[in-house]
Amino acid sequence: MASLISKMKETSAITHHQKFEGHTDWVWGAIHLAGGQRIITCSDDGSLRVWNTMNGKQIGEDWRDGDGAVKSIALSPDGKKVVSGSYDGAVRLWDIDTCKVVKKWTGHTEGVYSVCWSRDGRRVLSGSDDGTARQWEVESGETILMPEPIETGHNYVYAVVYSPDTNLIATGGSDGWDVDEHRIKIWDAKTGKLVATLKGHTSSVLCLAWTGDGKTLISGSWDSSIRTWNTTNWKQTAVLLEHTGVVYGIAISPNDRILASASTDKTALLWNLDNGQPISSPIQHAHYVTCVSFSAGGKRLATGCKDKNAYTWDVAAILREAGLDDLLSDPKVNATRPPIQVHPPVNRVPQGFFDGVPPSHSSARSCLSTPPGTSFLGRLFGHSPSDAHDPSRVPPLHRVRNILKQHRQSGEGIELRGRSPAVVEVPYAKGKRRNACARENRKRPLPLKNPTAGSSHPPKPNVAIPSSQPQAADSSSTSSTAPVTGNATITTGTTPTPSRPDIMIRQAGLWSRFWLFLGCLSTEYTDGHH
């Protein structure tokens, strides 16, 4: 990846869209104001300044309140106010229209290096070199967590940020020069209680940013790394290692798809958050890059630099050159794409047919879901492309014998679901010959010698039962019985006995169960009721 960045450095040079000159010391903050025609910057020279993004000229006079260096600024959600943190420990609220301080909050005992607004604009969060984080009510100007601020445990707090729902606070900073780990800490914004501690950075954490959906927290550090964290389980998900210097600042585009980072390696980088890769060659500066911020639409990037200047960059042009214009759009699923339709098979085994079958007979059950050639029916009738020219393929009936043979050898029986384990019900279809026991010696019925005068057609065979279970005769009937070779009995009389609506086969053998199974696949039994 480093070689890729080097090649991009050699082949292309990104030029700034506008340069803003006037500050007399480091520029620590640069943010876009509402409307996209102005930016505001803050500096170690103690001033805030507003600039015209079209011509790079300063608008009006410097904004000043005291002589302390201004280390951080943040724009209110409604775009009407700016909050700043200063080296003198004060947090100031500025009105953009009047360019004046409307509130000054004191309480920190050291410099304030990070400030952040809640999404609803009702609170301001600040982090200080005194190791604390404080929340301020914008309307009253009072500290919310009275009388104590959040004692973070960091020696110095360099970064604070609210979660999008304002329920959590993330803090980062320096935990000492003699420690191997510098931790990010997550706090409950209402109670000030510690929720989680994130380990991974090996040096001071200087910047934090939360994605708009609240699912990811991103951090930058003195150790030159950028790390992403899953806020569901607080696990580290990625480490971005392109920078060779301290990562001073990070910012996320409004659509959560692009990350910008600023470093002492004199570059700013744009990252594709969809895959964690750099989007283009590094954006070169004359000196350390201290801060980055996106415009409201994500098409412009503002940076601040140790060279005392601020710059804006055309993000849309950079993406266009990289062939990644779509990163400015929202990552939404195409709602016009029709859903995938899953059609059930026409000939299917009736629902519940294999319920209760032991695991050892799962080959029959699996025929509903496995591909041809691996299921029961696939092994019986189908073949795979590999055996299309194989003369040694086993005939279907031999396959059935092999499949069922294992059950005979093991002494196991196949139980089918029904009214009792040994009974299978077969529906009767008018005009169609009924199935009887598959083992019976079936022969064509003999013609009736003495048909009944009033009958227009011979009566239908009544029932087929194995000879081991004789049928009880009705003594009150005037019928006569004609012998028929085989196990079936045909009864005739002046009053034909109505046929039963179904047939019950008792103690069905393996072959009978197999043919019944095939019969259930016939199209005449696919109405969902059998």
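All values derive from a computational prediction rather than experimental measurement. Each chain has its residues counted from 1, following the order in which its sequence is written. Where local features are concerned, this predicted model is filtered to residues with pLDDT of at least 70; where side-chain atom pairs are given and counted, the filter is 80 or more; whole-chain, interface and lining totals use all residues. Heavy atoms from the whole structure form the basis of all side-chain values; hydrogens and water molecules are not counted.

A.B. asks: When you look at the side chain of His243 in this model, what are you seeing that I'm missing?
C.D. replies: Every helix listed is a DSSP run of H or I at least four residues long, and every strand listed is a run of E at least two residues long, numbered separately from the N terminus. Assignment of secondary structure puts His243 in the loop between strand S21 (235-240) and strand S22 (247-252). Pairs of N or O atoms are called polar contacts if they sit within 3.5 Å, as long as, within protein, a hydrogen donor faces a hydrogen acceptor (for residues adjacent in sequence, only side-chain-to-side-chain pairs). Side chain to side chain, His243 and Ser261 meet in a polar contact 2.7 Å long. Reaching out from His243, the side chain makes a polar contact with the side chain of Asp265 at a distance of 2.9 Å. Excluding its chain neighbours within four sequence positions, the residues that come into contact with His243 are Ser224, Ile226, Ser261, Ser263, Asp265, Thr267, Leu269 and Trp271. By the convention used here, residues are in contact when the closest approach between their heavy atoms is within 4.5 Å.

A.B. asks: Would you mind showing me how to read the packing of aromatic side chains here?
C.D. replies: Aromatic pairs are defined between Phe, Tyr and Trp rings, using the six-membered ring for Trp, whenever the two ring centres lie within 6.5 Å; interplanar angles under 30 degrees are classed as stacked, those over 60 as edge-to-face, and all others as tilted. Following the criterion strictly, the structure yields 11 aromatic pairs and no others. Measuring from ring centre to ring centre gives 6.0 Å for Tyr311 and Trp313, while their planes differ by 35 degrees; the resulting arrangement is tilted. The burial state of Tyr311 is the same as that of Trp313; both residues are buried. The rule is simple: take the accessible area with a 1.4 Å probe, protein chains only, and divide by the maximum for that residue type; under 20% is buried, over 50% is exposed, in between is partly exposed.

A.B. asks: Help me out: how do you make sense of the pairing of strand S3 (residues 38-43) in this one?
C.D. replies: On a regular strand, each side chain points to the face opposite its neighbour's, so the side chains alternate between the two faces of the sheet. Most of S3 is tucked away: 5 of the 6 residues are buried. Following DSSP output, two strands are said to pair if at least two bridges run between them. By the bridge criterion, 5 bridges tie strand S2 (residues 27-32) to S3 in an arrangement that is antiparallel. Paired with Ala30 across the strands is Thr41, a residue of S3. Connecting the antiparallel pair S2 and S3 is a turn made up of 5 residues, with Gly35 showing a positive phi of about 100 degrees. As paired strands, S3 and strand S4 (residues 48-52) are joined by 5 bridges and run antiparallel to one another. Bridging across to S4, Cys42 finds its partner in Leu48. Between S3 and S4, which pair antiparallel one after the other, the connecting turn spans 4 residues, and Gly46 there sits at a positive phi close to 90 degrees.

A.B. asks: Could you clarify how one ought to interpret unusual backbone geometry in this entry?
C.D. replies: Among all residues except glycine, the phi angle is most often negative; among peptide bonds, the trans geometry is most common. Here Asp256, not a glycine, exhibits a phi torsion of approximately 65 degrees, which is positive. Note on Asp256: relative accessible area 22%, which makes it partly exposed. In this model, Lys266 sits at a positive phi of 75 degrees, which is unusual for a non-glycine residue. Mapped onto the elements of the fold, Lys266 is located in the loop between strand S23 (258-263) and strand S24 (267-272). What makes Lys266 partly exposed here is its relative accessible area of 36%.

A.B. asks: Where do I start with the sheet that holds strand S15 (residues 168-174) in this structure?
C.D. replies: Paired through backbone hydrogen bonds, the strands of a sheet run either parallel or antiparallel to each other. Pairing is antiparallel across the open sheet formed by 4 strands, whose spatial order is S14-S15-S16-S17. Edge positions in the open sheet fall to strand S14 (156-162) and strand S17 (194-198), since each of these has one partner strand only. Across the sheet, the mean angle separating the axes of adjacent strands is 20 degrees when strand polarity is ignored. Looking at chain direction, strand S16 (residues 184-188) and S17 are connected through 4 bridges and run antiparallel. Residue pairing across strands places Ile184 opposite Leu198, the latter belonging to S17. Every axis corresponds to a line fitted to the C-alpha atoms, with the helix fit spanning only the stretch in contact, and the corresponding angles, defined between N-to-C directions, vary from 0 to 180 degrees.

A.B. asks: Just to check I follow, could you spell out the environment of Ala69 for this structure?
C.D. replies: Within the element layout of this structure, Ala69 appears in the loop between strand S5 (58-63) and strand S6 (70-75). The class for Ala69 is buried, based on a relative accessible area of 13%. Along the sequence, Ala69 and Gly111 sit 42 residues apart, while their C-alpha atoms lie 9.1 Å from each other. Beyond its immediate stretch of four places on either side in the chain, Ala69 contacts Ser43, Asp44, Gly46, Gly85, Ser86 and Tyr87.

A.B. asks: Hey, could you run me through the environment of Thr211 in this one?
C.D. replies: Among the secondary structure elements, Thr211 is positioned in the loop between strand S18 (205-210) and strand S19 (216-221). Accessibility expressed as a relative area gives 5% for Thr211, which makes it buried. Sequence separation of Thr211 and Pro164 is 47 residues, and the distance between their C-alpha atoms is 7.8 Å. Ignoring anything within four residues of it in the chain, the contact list for Thr211 reads Pro164, Thr216, Ile252 and Asp256.

A.B. asks: What is the right way to read the nonpolar core from this model?
C.D. replies: Where a protein is soluble and globular, its nonpolar side chains tend to be buried together. Counting 24 residues, the largest nonpolar core has Ile184, Ile186, Leu198 and Leu217 as the members making the most contacts within it. Secondary-structure elements contributing two or more residues to this core are S14, S15, S16, S17 and S18. Sort the elements by how many residues they give to this core and S14 lands first, with 5 residues. Here Leu198 is in contact with Arg183, Ile184, Ile186, Leu217, Trp229 and Trp234, once residues within four sequence places are set aside. Residues enter a nonpolar core if they are buried and are Ala, Val, Leu, Ile, Met, Phe, Trp, Tyr or Cys, with the set joined through side-chain atoms within 4.5 Å.

A.B. asks: Honestly, empty space enclosed by the protein in this entry has me stumped. Any pointers?
C.D. replies: Where empty space is left can be seen by rolling a probe of water-molecule size over the atoms. Detection works on a 1 Å grid of protein atoms alone, calling trapped sets that fit a 1.4 Å probe cavities and calling open sets with protein on both sides within 12 Å along at least five of seven lines pockets, with lining residues defined by an atom within 4 Å of a point. Grid points are joined across faces, edges and corners, and a volume is the space filled by probe spheres set on the points. Summed over the entire model, instances satisfying the criterion amount to 3 cavities of 30 Å³ or more. Volume-wise, the second largest cavity comes out at about 50 Å³. As for the second largest cavity, its lining consists of Gly46, Leu48, Trp63, Arg64, Asp65, Gly66, Gly68, Val70, Ser84, Ser86, Arg92 and Trp94. For the lining of the second largest cavity, the secondary-structure elements that each account for two or more residues are strand S7 (81-86) and strand S8 (91-95). A per-class count over the lining of the second largest cavity returns 4 nonpolar, 5 polar and 3 charged. Ten residues, namely Ala, Val, Leu, Ile, Met, Phe, Trp, Tyr, Cys and Pro, are considered nonpolar, four, namely Asp, Glu, Lys and Arg, are considered charged, and the remaining ones, Gly among them, are considered polar.

A.B. asks: It is not clear to me how the pairing of S21 should be interpreted in this structure. Could you clarify?
C.D. replies: As judged from the 5 bridges shared by strand S20 (residues 226-230) and S21, these two strands associate in the antiparallel manner. For Arg227, the partnering residue across the bridge sits in S21 and is Val239. Linking S20 back to S21 in an antiparallel pair, the connection comprises 4 residues, with Trp234 at a positive phi of about 60 degrees.

A.B. asks: I tried to follow the pattern of salt bridges on my own but got confused; where do I start?
C.D. replies: Charged atoms that come close allow side chains of opposite charge to pair. Put simply, a salt bridge is a Lys or Arg side-chain nitrogen that is within 4 Å of an Asp or Glu carboxyl oxygen. A full pass over the atoms with the stated rule returns 12 salt bridges. Measuring nitrogen to oxygen at the nearest pair gives 3.9 Å for the salt bridge that ties Arg227 to Asp223. The shortest N-O distance in the salt bridge between Asp274 and Arg257 comes to 2.5 Å. Residue Asp274 is found in the loop between S24 and strand S25 (277-278), and its partner Arg257 is found in the loop between S22 and S23; the two are separated by 17 residues along the sequence. You can call Arg257 buried: its relative accessible area is 8%. Shared partners join several salt bridges into a network, and the residues in it are Asp45, Arg49, Asp62 and Arg64.

Function cannot be inferred from these measures alone, as they are strictly geometric.
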